[in-house]
Amino acid sequence: MHPLSRRTLLAASAVTVAAGAVASCSDDDAAPSSTAPSGSEPPATEPPATDPPVTDPPATDPPATDPPVTLDLPADPFQLGVASGDPDATSVVLWTRLAPTPLEGGGMPADDVAVVWEVAADDTFAELVAHGEVTATAADGHAVHVLAELPEGSWTYRFRAGQYTSPAGTTRVAPAAGTTPDEVRVATASCQHYGHGYYAAHRDLASQQPDFVVWLGDYIYEGAGEWDAGSSDRSHLGPEPTTVEEYRNRYGLYKSDPDLQAAHAVCPWFVIWDDHEVENNYAGLTPQDAADEATFAARRAAAYKVWWEHQPTRLPAPEGEEYRIYRSAAWGDLLTLALLDGRQYRTDQACGDATLSLEPPCADIVAPGRTMLGDEQEQWLYDTLGASTAVWQCLGNQVILADATFNGAILNFDQWDGYPEQRARILQHLADTDVPNVVVVTGDIHLAAVAQLRAGERGTGTPVGVEFITTSISSDGLIGDELTDVLKSFPDLVDAELAHRGYTLHTVTPERWTAEYRIVADVDDPASEVTVYQTYVIEAGTNTVAVA
Ligand code: CA
Ligand code: FE
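Residues numbered from 1 in each chain as written. Chains lettered and ligands numbered in written order. Predicted model: local features only at pLDDT ≥ 70, side-chain atom pairs only at ≥ 80, totals over all residues. Heavy atoms only, no water.

**A word on the sheet that holds strand β12 (residues 327–331)**
Okay, so step 1: Ordered in space as β12-β13-β14-β15-β17-β16-β18, the 7 strands form an open sheet in which the pairing is mixed. Each having just a single partner strand, β12 and β18 (493–497) make up the two edges of the open sheet. Direction aside, neighbouring strands of the sheet carry axes that sit 20° apart on average.
Okay, so step 2: Relative to strand β15 (residues 438–442), strand β14 (residues 392–397) runs parallel, the two being bridged by 5 bridges. Of the residues in β15, the one forming a bridge with Leu-395 is Val-440.
Okay, so step 3: Along the sheet face, helix α7 (residues 375–387) touches β12, β13 (335–339) and β14 and points at about 175° away from the line of β13.
Okay, so step 4: The strands that helix α8 (residues 420–433) touches are β15, β16 (448–455) and β17 (462–469); relative to β16, the one it contacts most, it runs at about 65°. (Pairing = 2+ DSSP bridges. Helix = DSSP H or I, 4+ residues; strand = E, 2+ residues; numbered from the N terminus. Axes fitted to C-alpha atoms, helices over the stretch in contact; angles between N-to-C directions. Contact = heavy atoms within 4.5 Å.)

The following block contains the structure:
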């Protein structure tokens, strides 16, 4: 919530002065086939049984079908760049969206358009490893999702439509199950408010060439109010989105950024959402701002559809109000990823979603059955962890999981502190089942932190994993950095850095997990220097973290 975050900041200073204490806060926020992206695809994980124009590596011929027409468009339709995502051991999704005027409805004709996709070993595209043709439909905003079946390794891809050719991107297919790569490099990132600064963090991420990115939410911000006017010299355009067209225009604005495009073009992404892809701090079908349930359900469905249109995911297009995005992935036997959805199934925030209250929480907080993930997703998480044979289990998670309460007060009811029953059950499950090497990666809160996860009492319970909380790519900090030492005094917070924007670059080997916190010197400068704040390491088998 935008207004909320301003209040959070004010409240934070008030708390410091009045109580000499702390504050935290909440983000004020908060199977395609080779032939088509369409609402009628089979559910995610399985490629379609028939898969005509894909693969055949190593291929040698140029595509048999050139786009037959010259397109009459007001401008280049590939202004939003290209992306790839959700790689597995045999395939990866390639994405683009044709939009010559991305801030004004896209600018494509009402017709469907044929798009050729090409994959090669390098950016000369001299020899194609795979290629095909896909239809970009007006119904899906002329977005394209191609499931390209490819051998393990790194590949270059592009799209062509009419006389236009897209920029090229690099993607990767994951190592096979049963093999353990020596190393994987993973970037985690979240919270890229367009009006709050530039994307120097994405520029640096692209230059680091990780194997993949895990995006943890707040890809767009929906607001149009004061907080969302922005603090840098660029700002949101148009009204707060509630319709498909308005959400498309908002994504068009964000995806017009060259540094974000570069980060997508350099490697595949696994993308999950948080609150701002719909509305700040929404919970299930309960909106933050007053709206009847049917109205909000329609808005949420529009937001979910447009999220799908703009992300390189192998998930099928959403149909209806609900949309399952939680899913798992693997990088050989080195890493299992469990990607969570902490928004769609959660109980409404308790106690009026109070922020920075130093009072004991109201009784609602312990109402039986309050949930962040819902029962089905919780069971799916246990099943996923139970089935994994990987060295490391990585949970992609939206809001802080570690205990960040203060003298019994819940400072942010939107975080896992506000859902204590389900949190305690999950952490105890990790202890009871001895799940090895759990690392939780988290976004949302616009600060960098490292936390010890424990079953049982904070500070003394059994270590069951480590949480790496990445700061925001660009979104304003929500807590004044004068509170850094207060946060560090929390028993399970190993470190905290509140003053900078950035992201986290992880290097994972069978022996250890290393997390490098990279921070932006000046978020108002797209050319800003990006440096290492600190590096932390987990030795496999320890469930504890130390400065490297
Ligand atoms: Ca958020
Ligand atoms: Fe955020």
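Having seen the structure, we can now continue with the description.
**Regarding the environment of Leu-373**
Okay, so step 1: In this structure, Leu-373 sits in the loop between β13 and α7.
Okay, so step 2: Remark: the alpha-carbon pair of Leu-373 and Gln-422, spanning 49 residues in sequence, is separated by 8.3 Å.

**Some details on unusual backbone geometry**
Okay, so step 1: Its identity is not glycine, yet Asp-434 carries a phi of approximately 55°, on the positive side.
Okay, so step 2: The residue His-446 is not glycine, and still its phi comes out positive at about 65°.
Okay, so step 3: With respect to the element layout, His-446 can be found in the loop between β15 and β16.
Okay, so step 4: The class of His-446 is buried, set by a relative accessible area of 1%. (Buried < 20%, exposed > 50% of the residue type's maximum accessible area, 1.4 Å probe, protein only.)

**A closer look at the packing of aromatic side chains**
Okay, so step 1: The final tally for this structure, using the stated rule, is 19 aromatic pairs.
Okay, so step 2: A ring pair is formed by Tyr-219 and Trp-269, whose centres lie 6.5 Å apart and whose planes are at 70°; its orientation type is edge-to-face. Residue Tyr-219 is found in the loop between β10 (212–215) and α3 (226–229), and its partner Trp-269 is found in strand β11 (residues 269–271); the two are separated by 50 residues along the sequence.
Okay, so step 3: You can call Trp-269 buried: its relative accessible area is 0%.
Okay, so step 4: Geometrically, the ring pair formed by Phe-406 and Phe-490 is stacked, given 6.2 Å between the ring centres and 20° between the ring planes. (Phe/Tyr/Trp six-rings, centres within 6.5 Å; stacked < 30°, edge-to-face > 60°.)

**With respect to the confidence of the model for the protein**
When pLDDT is low, close inspection of the predicted coordinates is not appropriate.
Okay, so step 1: Looking at the protein as a whole, the pLDDT averages 89, with 87% of positions reaching at least 70.
Okay, so step 2: Of the regions scoring below 50 in pLDDT, residues 1–60 engages in 204 contacts with residues more than four places distant in sequence or in other chains. (pLDDT = per-residue confidence, 0-100.)

**Some remarks on the packing of helix α2 (residues 200–208) against helix α5 (residues 258–266)**
Okay, so step 1: In contact at an axis separation of 8 Å, α2 and α5 are set at 25° when each is read in the N-to-C sense. Put simply, α2 runs roughly parallel to α5. Along this stretch, α2 crosses α5, giving a crossing that reads as left-handed. Packed against α2, whose contacting residues are His-202, Arg-203, Leu-205 and Ala-206, the element α5 presents Asp-259, Leu-260, Ala-262, Ala-263 and Val-266 at the interface.
Okay, so step 2: Its residues placed into classes, the contact of α2 with α5 shows 6 nonpolar, 1 polar and 2 charged. (Parallel < 35°, antiparallel > 145°, perpendicular 65-115°, else oblique. Left-handed = near helix turned anticlockwise from the far one by under 90°. Nonpolar A, V, L, I, M, F, W, Y, C, P; charged D, E, K, R; others polar.)

**Focus on the pairing of strand β5 (residues 143–149)**
Okay, so step 1: Counting buried residues in β5 gives 6 out of 7 residues, a clear majority hidden from the surface.
Okay, so step 2: Bridge count between strand β2 (residues 91–97) and β5: 7 bridges; the pairing is antiparallel. Of the residues in β5, the one forming a bridge with Trp-95 is His-145.

**A closer look at the pattern of salt bridges**
Okay, so step 1: In this structure the tally under the stated criterion is 23 salt bridges.
Okay, so step 2: Residue Arg-343 is joined to Asp-274 by a salt bridge in which the shortest nitrogen-to-oxygen separation is 2.7 Å. Of the two residues, Arg-343 is situated in the loop between β13 and α7 and Asp-274 in the loop between β11 and α6 (293–310); the sequence distance between them amounts to 69 residues. Considered together, Arg-343 and Asp-274 belong to a single accessibility category, that of buried residues.
Okay, so step 3: Its salt-bridge partner being Asp-403, residue Arg-458 comes within 3.6 Å of it at the nearest N-O pair. On the criterion of sequence distance, the pair formed by Arg-458 in the loop between β16 and β17 and Asp-403 in the loop between β14 and α8 is long-range, its members being 55 residues apart.
Okay, so step 4: Residue Arg-458 is classed as partly exposed on the basis of its relative accessible area, which comes to 24%.
Okay, so step 5: Among the residues examined, Asp-403 registers a relative accessible area of 18% and is labelled buried.
Okay, so step 6: Connected via shared salt-bridge partners are Asp-140, Arg-248, Lys-305 and Glu-309. (Salt bridge = Lys/Arg side-chain N within 4 Å of Asp/Glu carboxyl O.)

**Details of the layout of surface pockets**
Okay, so step 1: Of the voids in this model, the second largest pocket is the one considered here, and its volume is about 270 Å³.
Okay, so step 2: Counting only elements with at least two residues in the lining of the second largest pocket, the list comes to α8 and β16.
Okay, so step 3: The biggest single contributor to the lining of the second largest pocket is α8, with 5 residues. (1 Å grid on protein atoms, 1.4 Å probe; cavity = no way out; pocket = protein on both sides within 12 Å on 5 of 7 lines; lining within 4 Å. Points joined across faces, edges and corners; volume = space filled by probe spheres on them.)

**Notes on a negative patch on the surface**
Okay, so step 1: A cluster of like negative charges, contributed by Asp-292, Glu-293, Glu-321, Glu-322, Asp-375 and Glu-376, occupies part of the molecular surface.
Okay, so step 2: Along the chain, Glu-322 turns up in the loop between α6 and β12.
Okay, so step 3: What makes Glu-322 exposed here is its relative accessible area of 57%. (Patch = residues over 30% accessible without salt bridge, like charges linked within 9 Å, V, L, I, M, F, W, Y side chains within 5 Å. Areas by Shrake-Rupley, 256 points an atom, 1.4 Å probe, with all protein chains shown as cover. Lys, Arg positive; Asp, Glu negative; His and termini not counted. Charge placed at Lys NZ, Arg CZ, Asp CG, Glu CD.)

**A word on empty space enclosed by the protein**
Okay, so step 1: Here the largest cavity defines a volume of roughly 80 Å³.
Okay, so step 2: Lining the largest cavity are 12 residues, with Ile-400, Ala-404, Leu-447, Leu-487 and Leu-493 sitting closest to its centre.
Okay, so step 3: For the lining of the largest cavity, the per-class residue count stands at 10 nonpolar, 2 polar and no charged.
Okay, so step 4: In this structure, the second largest cavity encloses a volume near 50 Å³.
Okay, so step 5: Considering the residues around the second largest cavity, the lining is formed by Leu-340, Leu-373, Leu-381, Leu-395, Asn-397, Leu-401, Trp-416, Ile-426 and Val-440.
Okay, so step 6: Here the residues of the lining of the second largest cavity are counted per class, giving 8 nonpolar, 1 polar and no charged.

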